[in-house]
Amino acid sequence: SAPGFAGVLSYSLREAIWLAREGVTNNVVMGYPSVDRVALADLLGDEAVRDRVTLMVDDVAHLTMIESAAPGGVRARVAVDIDAGLRMGPSHVGPKRSPLHEATDVVAFARDVLDRGFTLVGVMTYEGQVAGVPDDVPHQRARSLVVRKLKTASIAQLEERRSEIAQQLRDLVELEFW
């Protein structure tokens, strides 16, 4: 890792394995869950690399797939992807990255992760409706106003939800990152 950086976010598991093996970093976090069985088996069979790569999960099926790639019970470092979208009644604004939204669902999933013997090291939320949308749309003042109001509402809702989730997760595990 370069000075000032604590790790790298990777798009694919094969990329993460390469980054760890080449010594680019000793801390790679997957940006997405992986269903690449060959890469999972490669990762889980290499203790040195396995300890440098964190898999992203948000569903029991991901845990089962990781378990099936590691005969003999080898477990991996994992982080939980939480949906960061804004909920307004039945509406959802933002990327639908994860089925985990409410604190109770996140904590129940985290318990399952730990009960299966995985090492839960982190949590990720991606606020695409905030980070990925410009505040000012040229020549569209009304739309720009709506965008800014949605961003403000989204940030407020997510701050409250993150606080609740973080408080409840602290009772289960000490996380390395959020």
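Notes on the structure in this doc start here.

**Re the pairing of strand β4 (residues 77-82)**
Sheet faces and side chains relate simply in a regular strand, where the side chains alternate between the two faces. Across the six residues that make up β4, a large majority, six, are buried. Residues R77, A79 and D81 of β4 are buried on one face, and the alternating residues V78, V80 and I82, pointing to the opposite face, are buried as well. Bridge count for β4 against strand β7 (residues 119-125) is six bridges, and the pairing is parallel. Along β7, the bridge assignment pairs I82 with T125.

**Overview of the pattern of salt bridges**
Taken as a whole, this structure holds nine salt bridges when the rule is applied. Residue D36 pairs with R14 through a salt bridge whose shortest N-O separation is 2.5 Å. Taken together, the residues D36 in the loop between β2 (28-30) and α2 (37-44) and R14 in helix α1 (residues 13-21) connect sequence positions 22 residues apart. Exposure remark for D36: the relative accessible area of 23% places this residue in the partly exposed category. Where D81 meets R97, a salt bridge forms, and the shortest distance between an N and an O atom there is 3.1 Å. Of this pair, D81 sits in strand β4 while R97 sits in the loop between β6 (91-93) and α5 (103-115); the two residues are 16 residues apart in sequence, bridging distant segments of the chain. D81 sits in the buried class, given a relative accessible area of 1%. Through salt bridges that share partners, E67, R75, D112 and R116 make up one connected network.

Each value, and the rule that gives it
Residues numbered from 1 in each chain as written. Predicted model: local features only at pLDDT ≥ 70, side-chain atom pairs only at ≥ 80, totals over all residues. Heavy atoms only, no water. Buried < 20%, exposed > 50% of the residue type's maximum accessible area, 1.4 Å probe, protein only. Helix = DSSP H or I, 4+ residues; strand = E, 2+ residues; numbered from the N terminus. Pairing = 2+ DSSP bridges. Salt bridge = Lys/Arg side-chain N within 4 Å of Asp/Glu carboxyl O.

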